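The chain contents come next:
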Amino acid sequence: MEVQVAQCAERLQRQEKEIKFLTAEVDRLKNYGCLGVSPNLEGLREENAKLKYRLNVLQKSLQEERSRSKPSKGMININSRLQDIFGVAIKAAYPDLENPPLLVTPSQQSKFGDYQCNSAMSITQILLKTKEQKVSPREIADKIARNIPDNECIAKIEIAGPGFINVHLKKDFVSKQLSSMLVNGVQLPALGERKKVVIDFSSPNIAKEMHVGHLRSTIIGESMCRLFEFVGFDVLRLNHLGDWGTQFGMLIAHLQDKFPDYLTVSPPIGDLQAFYKESKRRFDTEEEFKKHAYRCVVLLQSKNPDFIKAWKLICDVSRKEFQKIYDCLDVTIIERGESYYQDKMNDIVKEFEEGGFVQVDDGRKIVFVPGYSVPLTIVKSDGGFTYDTSDLAALKQRLFEEKADYIIYVVDSGQAVHLQTIFAAGQMIGWYDPKVTRVTHAAFGVVLGEDKKKFKTRSGDTVRLIDLLQEGLKRSMDKLKEKERDKVLTPEELKAAQTSVAFGCIKYADLSHNRINDYIFSFDKMLDDRGNTAAYLLYAFTRIRSIARLANIGEETLQKAATQTEIILDHEKEWKLGKCILRFPEILQKILDDLLLHTLCDYLYELATTFTEFYDNCYCVEKDRQSGKIVKVNMWRMLLCEATAAVMAKGFDILGIKPVQKM
């Protein structure tokens, strides 16, 4: 240990000396260039950029050495690393360009390398427009390539076509990254300061059952929460329940008539939907009941204790029904309905009035927001508040009390104009700067039936979500029995597979479509074990997990092999799979930027099909053809199986899908 400490100290000392020298050299070159005495200013600038890159790498390395007790265990985002490298090269080649375009993508064909930098074409246009210089993209690409700094990941660079820069990765770099992932687990590098994210999703209405319209917000919102939690954000999951408003007047009035002793005996409301419909019928047809309902609203809003208790009783019945859905879908969410913001609304109105933003129109208090033709109504003519008022109050609370850095509203596309107006009003009054705080509407389309119309029952009613989930369980079991899985699985394993397939398929069918578009709900398609479906991916995952089990290779053996066995990537299918596995961080980064979760589904499907190609062409376990006995285990390929399964498992977790070991 003393020898290791001495070696480490010597290494640190050497690095510190080199960093000190490089720092002085960078300053010298900067001054030299500024004085204008250089016979080759461009050459000096190129050298300066390269020195800065080397200095940055050394400083990071030194920092890691000094914190050996807390080494970085996250996977490297290769795309980001390549962007850093090309950023340095472009800056060295064209130092006068401000914010030059960085376009790095994975290559679509192996003959064009592993990644491509396509910045040259854009730089050609910029030079022509800003400097009136006509330079061919290929010439620009060549100049960028000559300025690539030394790095750990690029094996070679090629210029192709009009100016594409093809990047070939080093095999030992990819191999080491895979080994590191197997040792440390699937995790991303720290994102720096931990930020607060508020995600508003699901949001059903009290006294109404959750229906298929709530499915998308609940599934998409839960998956977004899981993604942000995985990458290290502090996530607040909020359920903005519709738990306040004039409808509670008729519900409480009906409750008092039907269960007059509700204050002492808990009313046995079994079917809240029927209870709601009956109260609505009376409200529409009985004048005395309607007057009584309005009186109940006034007493509720004045916080009369008896009416607050009636309100809570109705909310509790709904809450229990909602929780059944959330338990099925494995959703965790904190309730914070409209009622939470009631005491804040007077202050919201006052703030807009004091800012000079309020106009009075037929007794209403309205606010016009620049760029939007329809004003917000913050006080009705009868003095009551509106959804606009409560949404403004919610936005302010999330910004100032929760101190959110990022707020995401997972709400259907029909609310787009309303939410954009709310956000613009928040900016107008000075609550937040969109350059500092990100407030986003993650809009989604509607669920359609196979007739491409809004998904309804045969009688034309809205599909109840609980009925949909029960139907999914039934169809899932039918599918498993059709494949005779009930003959090889224990009852417990069969039940676990049924739940995994049923709820996994419903979630994946939603998440695998671009959320902005409508999608067609079809049990037949989502339960098909061919193509890009959860059924296919779950079967693929269990197959991969079974390879080591059938070869009698335990988890401990695999963990030991991960630290001792080099992952060989000589076969083209090994190389293709290894690179695909390591794209996971860049896939997640893209979703953090655009909130489009179907990208993850597409990636998992690509990973599964790439694994199949690998497994069909590369023997992991070699057996005697006569006896069937195992004669050789290619451990590096077993590690590729393990790495694939580990990434798939984490992807499933983000999507809210629970795989099983046997199916």
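All values derive from a computational prediction rather than experimental measurement. (Residues numbered from 1 in each chain as written. Predicted model: local features only at pLDDT ≥ 70, side-chain atom pairs only at ≥ 80, totals over all residues. Heavy atoms only, no water.)

*Asks:* What exactly am I supposed to notice about the pattern of salt bridges here?
*Replies:* Opposite charge on two side chains makes pairing possible when the charged atoms of those side chains draw close. The final tally for this structure, using the stated rule, is 43 salt bridges. The partner of Lys156 in a salt bridge is Glu158, and the shortest N-O contact between them spans 3.3 Å. Residue Glu158 is classed as partly exposed on the basis of its relative accessible area, which comes to 29%. Salt bridges sharing common partners tie together Glu222, Arg226, Glu229, Arg237, Asp330, Lys650, Asp653 and Lys658. (Salt bridge = Lys/Arg side-chain N within 4 Å of Asp/Glu carboxyl O. Buried < 20%, exposed > 50% of the residue type's maximum accessible area, 1.4 Å probe, protein only.)

*Asks:* Please clarify how the pairing of strand 4 (residues 164-169) should be interpreted in this entry.
*Replies:* Across the 6 residues of strand 4, 5 count as buried, placing the element largely inside the fold. Looking at chain direction, strand 2 (residues 115-117) and strand 4 are connected through 3 bridges and run antiparallel. When the bridges of strand 4 are listed, Tyr115 appears paired with Val167. Examined bridge by bridge, strand 3 (residues 154-160) and strand 4 share 6 bridges and lie antiparallel to one another. (Helix = DSSP H or I, 4+ residues; strand = E, 2+ residues; numbered from the N terminus. Pairing = 2+ DSSP bridges.)

*Asks:* What's the story with helix 3 (residues 78-93) in this structure? I'm lost.
*Replies:* Relative to the 22 Å expected for 16 residues at 1.5 Å per residue, helix 3 spans 22 Å between its end C-alpha atoms, a close match to the ideal helical length. Taken residue by residue, helix 3 has Ile78, Asn79, Leu82, Ile85, Phe86, Val88, Ala89, Ile90, Ala92 and Ala93 as its buried positions. Its side-chain oxygen placed 3.2 Å from the backbone nitrogen of Asn79, Asn77 serves as the N-cap of helix 3. (Expected span 1.5 Å × (residues − 1). Polar contact = N/O pair within 3.5 Å; in protein donor to acceptor, adjacent residues only side chain to side chain.)

*Asks:* Help me out: how do you make sense of the packing of aromatic side chains in this one?
*Replies:* Between two aromatic rings, the relevant description is the distance of the centres plus the angle of the planes. Per the counting criterion, the structure on display carries 15 aromatic pairs. Centre to centre, the rings of Tyr340 and Tyr341 are 5.0 Å apart; their planes meet at 80°, and the pair counts as edge-to-face. In this structure Tyr340 comes out as partly exposed when scored by relative accessible area, which is 36%. Taking the centre distance of 5.8 Å and the plane angle of 15° together, the rings of Phe611 and Tyr615 count as stacked. (Phe/Tyr/Trp six-rings, centres within 6.5 Å; stacked < 30°, edge-to-face > 60°.)

*Asks:* I would appreciate a short explanation of the side chain of Asp243 in the present structure.
*Replies:* Looking at the secondary structure, you find Asp243 in the loop between strand 6 (234-239) and helix 8 (247-258). No salt bridge is formed by the buried Asp243; its nearest oppositely charged neighbour, Arg319, is found at 5.7 Å. Excluding residues that lie within four positions of it along the chain, Asp243 makes contacts with Ile206, Phe248, Trp311, Cys315, Gly337, Glu338 and Ser339. (Lys, Arg positive; Asp, Glu negative; His and termini not counted. Contact = heavy atoms within 4.5 Å.)

*Asks:* Please explain the confidence of the model for the protein as it appears in this structure.
*Replies:* The predicted coordinates of low-pLDDT regions are not to be read in fine detail. The pLDDT averaged across the protein works out to 89; a share of 89% of its residues lies at or above 70. In the predicted structure, residues 35-42 sits below a pLDDT of 50 and forms 7 contacts with residues beyond four places in sequence or in another chain. The low-confidence segment residues 61-71 (pLDDT under 50) makes 13 contacts with residues lying over four places distant or belonging to another chain. (pLDDT = per-residue confidence, 0-100.)

*Asks:* I'm lost on helix 11 (residues 305-328) in this one. Help?
*Replies:* Counting along an α-helix, one turn takes 3.6 residues, and residues three or four places apart therefore face a common direction. A rise of 1.5 Å per residue sets the reference length of helix 11, with its 24 residues, at 34 Å; its end C-alpha atoms lie 35 Å apart and thus fit the reference within 8%. By the burial criterion, the buried members of helix 11 are Phe307, Ile308, Ala310, Trp311, Leu313, Ile314, Cys315, Val317, Ser318, Phe322, Ile325 and Tyr326. Buried residues belonging to helix 11 abut helix 7 (215-230), strand 6, helix 8, helix 9 (272-285), helix 10 (287-301) and helix 15 (465-482). After helix 11 finishes, the residue Asp330 shows a positive phi value of roughly 55°.

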